[in-house]
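# Observations on the three-dimensional arrangement
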Amino acid sequence: MCGVGFVAAESAQPGLGELTSSLLLESYAPPCVLVDEHYDVLYLQGATSRYLTLPTGEPRLNVLKMAHDELLRELRTALHKALKERAEVVRDRVAVTENGSCRFVRLRVRPFHGPRRAQRLALVAFEEPPPCTAPIEETGAPGADEPYACVAELERRLASMKESLQSTVEEVETSNE
């Protein structure tokens, strides 16, 4: 025998797998929230307080009631679309204000079925983009691409607003039926 079985058996202490998973989640996983089809929070992971806040008064665990104002429209639209189409929805460059400074976050909503097949759930992840490490181009005047970037951002926001409006109309039609 080469002793590999002995080492594996010795290192398979109860709880080490859970400890490793927990450390990996804390270090590398984005803050996320698990919600049901009514958008009620079932589980929170990571520093979600940067995106969600418990409202004052009677506690409500509906993620739309907890979402910061600047996230609400994008979150509602992404959740509605993901659960309706049963496909992952990603919203890039969602503006979030924290301590007076603006930053961008990627909102990822992934629908899936819960333990009971009829249970529809969605995992909402708030992903921070990695810091920009691309070298600054020295061709052209500084800020030469700024107007184009601004136009592209405005076009992205307009498309997002149109999709949000369409989602709201569909929700109203569904509730009226």
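Quantities reported herein were computed from a predicted structural model and do not represent experimental measurements. (Residues numbered from 1 in each chain as written. Predicted model: local features only at pLDDT ≥ 70, side-chain atom pairs only at ≥ 80, totals over all residues. Heavy atoms only, no water.)

### Remarks on the confidence of the model for the protein
Rule in force here: Each residue gets a pLDDT score, which is the predictor's confidence in that residue and runs from 0 to 100. The contact criterion used throughout is that any non-hydrogen atoms of two residues lie within 4.5 Å.
Confidence along the protein averages 80 in pLDDT terms, with 80% of residues attaining 70 or more. In the model, residues 1-9 has pLDDT below 50 throughout and makes zero contacts with residues more than four positions away in sequence or in other chains.

### Some thoughts on the layout of surface pockets
This is how it is decided: Points on a 1 Å grid over protein atoms alone make up a cavity when a 1.4 Å probe fits among them but cannot get out, and a pocket when they form an open set with protein on both sides within 12 Å along at least five of seven lines; lining residues each have an atom within 4 Å of a point. Grid points are joined across faces, edges and corners, and a volume is the space filled by probe spheres set on the points. Strands here mean DSSP runs of E at least two residues long; helices mean DSSP runs of H or I at least four residues long; both are numbered from the N terminus. Gly is placed with the polar residues, together with every amino acid not listed as nonpolar (Ala, Val, Leu, Ile, Met, Phe, Trp, Tyr, Cys and Pro) or charged (Asp, Glu, Lys and Arg).
Here the largest pocket defines a volume of roughly 190 Å³. The wall of the largest pocket is formed by Glu37, Tyr39, Leu64, His80, Leu83, Lys84, Arg120, Glu170, Glu171 and Thr174. Breaking the lining of the largest pocket down by element, the ones donating at least two residues are helix H4 (69-85) and helix H5 (146-176). Here the residues of the lining of the largest pocket are counted per class, giving three nonpolar, two polar and five charged.

### Some points on the sheet that holds strand E3 (residues 89-98)
The cut-off we apply is this: Paired strands are those between which DSSP finds at least two bridges. Fitting a line to C-alpha atoms yields each axis, with helices limited to the stretch in contact; the angle taken between N-to-C directions then spans 0 to 180 degrees.
Pairing is antiparallel in the open sheet, where five strands are placed in the order E2-E1-E5-E4-E3. Whereas interior strands pair on both sides, the edge strands pair on one side only; in this sheet they are strand E2 (41-45) and E3. In this sheet, neighbouring strand axes are inclined to one another by 25° on average, regardless of whether the strands run parallel or antiparallel. The pairing of strand E4 (residues 101-113) with strand E5 (residues 120-127) spans eight bridges and is classified as antiparallel. Paired with Phe112 across the bridge in E5 is Leu121. Docked against the sheet, H4 engages strand E1 (32-36), E3, E4 and E5, running at close to 165° with respect to E3.

### Regarding the packing of aromatic side chains
Using the following cut-off: Here is the rule: rings of Phe, Tyr and Trp (six-membered ring for Trp) pair when centre to centre is within 6.5 Å. Planes less than 30 degrees apart are stacked, more than 60 are edge-to-face, and the remainder are tilted. Here the term buried applies to any residue with accessible area under 20% of the maximum for its type, exposed to any over 50%, and partly exposed to those in between, with areas from a 1.4 Å probe on protein chains only.
Under the definition given, this model contains one aromatic pair. Arranged with centres 4.4 Å apart and planes meeting at 5°, the rings of Tyr51 and Phe126 form a pair that is stacked. Taken as a pair, Tyr51 in the loop between E2 and helix H3 (63-66) and Phe126 in strand E5 lie far apart in primary sequence, 75 residues in all. Exposure class is identical for Tyr51 and Phe126. Each is buried.

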